[in-house]
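Report on the structure
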Amino acid sequence: MKTLVIATHPSIEISRVNAAWLQELRKHSDITVHELYKAYPDENIDVAKEQQLIEAHDRIIFQYPLFWYSTPMLLKKWFDSVLQYGWAYGPDGSKTAGKQFGAAISTYGSEASYQAEGANRFTLEEILRPIEATTHFISGTYLPHFALSDVSNLSDERLAQSTADYVHHIQTAVPKA
Ligand SMILES: Cc1cc2nc3c(=O)[nH]c(=O)nc-3n(C[C@H](O)[C@H](O)[C@H](O)COP(=O)(O)O)c2cc1C
């Protein structure tokens, strides 16, 4: 299983969580790390190159810090420009069919806040529906998400544990039945 992690963080140099995750992922030869803001500092996405990367991998993980219950801007632009009619969907669009897609996110809000009764009102599973719906639309299979919440109260131990758990998740996650 060849995994591509598309990491999108506009200020990775001051990131704690996403930077630690990427540092660990780079040690694994079965995982390709692709940082969008590093590849495209001018935010000008090379669509053909991105499509080739997707075609060369079986499992794609979108890793990002949750921004306003959504993705950082460049990842939204990636969806808008890379998932083209005739490539990802439409009568002849089958290049993403059968591939696995999932999200790995960090959040300021705590786990308790991402509940129906919590401060953020919706669960992360609900907030990630656009990624799940997009996966369905492009004939992929959606993986359970991976998340680390409450990042402002993060001990070095919890970060190290989440990093190990994340690698394990990437290597073992199976699509929901
Ligand atoms: C513009 C912006 C929007 C954010 N929106 C949310 C949000 O909707 N929910 C949330 O829990 N955290 C939100 N955060 C907090 C980030 O998710 C948090 O800082 C990030 O996950 C930390 O990861 P890092 O250490 O890799 O930077 C936001 C942060 C920024 C800068």
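What counts as what
- Throughout, a residue's number is its position along its own chain's written sequence, starting from 1.
- Per-residue local features of the predicted model are confined to residues with pLDDT of at least 70, and side-chain atom pairs are confined, for both listing and counting, to 80 or more; whole-chain, interface and lining totals are unaffected and use all residues.
- Processing note: side-chain calculations cover all non-hydrogen atoms of the structure and skip hydrogens and water entirely.
- Throughout this description, the term salt bridge denotes a Lys or Arg side-chain nitrogen within 4 Å of a carboxyl oxygen of Asp or Glu.
- Only protein chains enter the calculation, and the probe is 1.4 Å; a residue is then buried if its accessible area is under 20% of its type maximum, exposed if over 50%, and partly exposed in between.
- Helix and strand assignments follow DSSP, with helices taken as H or I runs no shorter than four residues and strands as E runs no shorter than two, numbered in order from the N terminus.
- With a 1 Å grid laid over protein atoms only, a set of points is called a cavity when a 1.4 Å probe fits there but cannot get out and a pocket when it is open yet has protein on both sides within 12 Å along at least five of seven lines; lining residues have an atom within 4 Å of a point.
- Grid points are joined across faces, edges and corners, and a volume is the space filled by probe spheres set on the points.
- Asp, Glu, Lys and Arg are counted as charged, while Ala, Val, Leu, Ile, Met, Phe, Trp, Tyr, Cys and Pro are counted as nonpolar; the rest, among them Gly, fall into the polar class.
- Multiplying one less than the number of residues by 1.5 Å gives the expected span of a helix.
- An arc is given here, and it is the one of the directions from the helix axis to the C-beta atoms.
- Residues count as neighbours in contact if any of their non-hydrogen atoms are within 4.5 Å of one another.
- UniProt positions are given in the numbering used here, feature names are shortened, and annotations may be inferred rather than shown by experiment.
- Note on aromatic pairs: the rings of Phe, Tyr and Trp (six-membered ring only in Trp) are paired at centre separations within 6.5 Å, and the planes decide the class, stacked below 30 degrees, edge-to-face beyond 60, tilted for the rest.

Where an unreviewed UniProt entry is consulted, the protein chain appears under the name General stress protein, with the organism given as Paenibacillus albus.

**Considering the pattern of salt bridges**
Under the counting rule described, the total for this entry stands at six salt bridges. Here E35 and K38 are joined by a salt bridge, their closest N and O atoms 3.5 Å apart. Residue E35 is classed as buried on the basis of its relative accessible area, which comes to 10%. Overall, K38 belongs to the exposed group, its relative accessible area being 58%. As a salt-bridge pair, D80 and K76 come within 2.8 Å of each other at their nearest N and O atoms. Taken as a pair, D80 and K76 lie in helix α4 (residues 73-82) at a separation of four residues, close to a single helical turn. Given a relative accessible area of 53%, D80 falls into the exposed group. Judged by relative accessible area, K76 falls into the partly exposed class, the value being 44%.

**A look at the layout of surface pockets**
Of the volumes computed, that of the largest pocket is approximately 210 Å³. Residue lining of the largest pocket: 13 residues in total, with H9, V17, P65, S106 and V151 positioned closest to the centre. When grouped by side-chain class, the residues that make up the lining of the largest pocket number six nonpolar, six polar and one charged. Empty space within the second largest pocket amounts to approximately 170 Å³. Every residue lining the second largest pocket is listed: Y64, L66, Y69, S70, T71, K76, F79, I127, L128, P130, I131 and T134. Breaking the lining of the second largest pocket down by element, the ones donating at least two residues are α4 and α6 (129-137). Broken down by element, the lining of the second largest pocket gets its largest block of residues, three residues, from α6.

**Some thoughts on helix α7 (residues 156-172)**
When the terminal C-alpha atoms of α7 are compared, their 24 Å separation across 17 residues agrees well with the 24 Å that a helix rising 1.5 Å per residue should span. Residues of α7 that are buried include every one of L159, S162, T163, Y166, V167, H169 and I170, and no others. What you see down the axis of α7 is that its buried residues fit within an arc of 160°, all on one side. In α7, those exposed residues whose orientation departs by more than 90 degrees from the buried face are E157 and H168. Elements in contact with the buried residues of α7: β1 (3-7), α1 (17-25), β2 (31-35), β3 (59-65), β4 (100-106) and β6 (146-148).

**Some words on the UniProt feature "domain: Flavodoxin-like fold" (unreviewed entry) in the protein chain**
Summarizing the sequence annotation, UniProt attributes the feature "domain: Flavodoxin-like fold" (unreviewed entry) to residues 1-169 in the numbering used throughout. As a span, residues 1-169 carries 35% helix and 17% strand, and end to end its C-alpha atoms are 13 Å apart.

**Thoughts on the packing of aromatic side chains**
Going through the model one piece at a time under the given rule, you end up with nine aromatic pairs. Here F62 and F101 contribute two aromatic rings whose centre-to-centre distance is 6.2 Å and whose plane-to-plane angle is 10°, an arrangement assigned as stacked. Of this pair, F62 sits in strand β3 while F101 sits in strand β4, and the two are 39 residues apart along the sequence. The pair formed by F62 and F101 is uniform in burial state, with each residue classed as buried.

**Considerations on the environment of F146**
Mapping F146 onto the fold places it in strand β6. Accessibility expressed as a relative area gives 11% for F146, which makes it buried. Sequence separation between F146 and G102 is 44 residues, and the spatial gap between their C-alpha atoms is 8.2 Å. Residues within four places of F146 in sequence aside, it is in contact with W21, A103, A104, I105, S162, D165, Y166 and H169.

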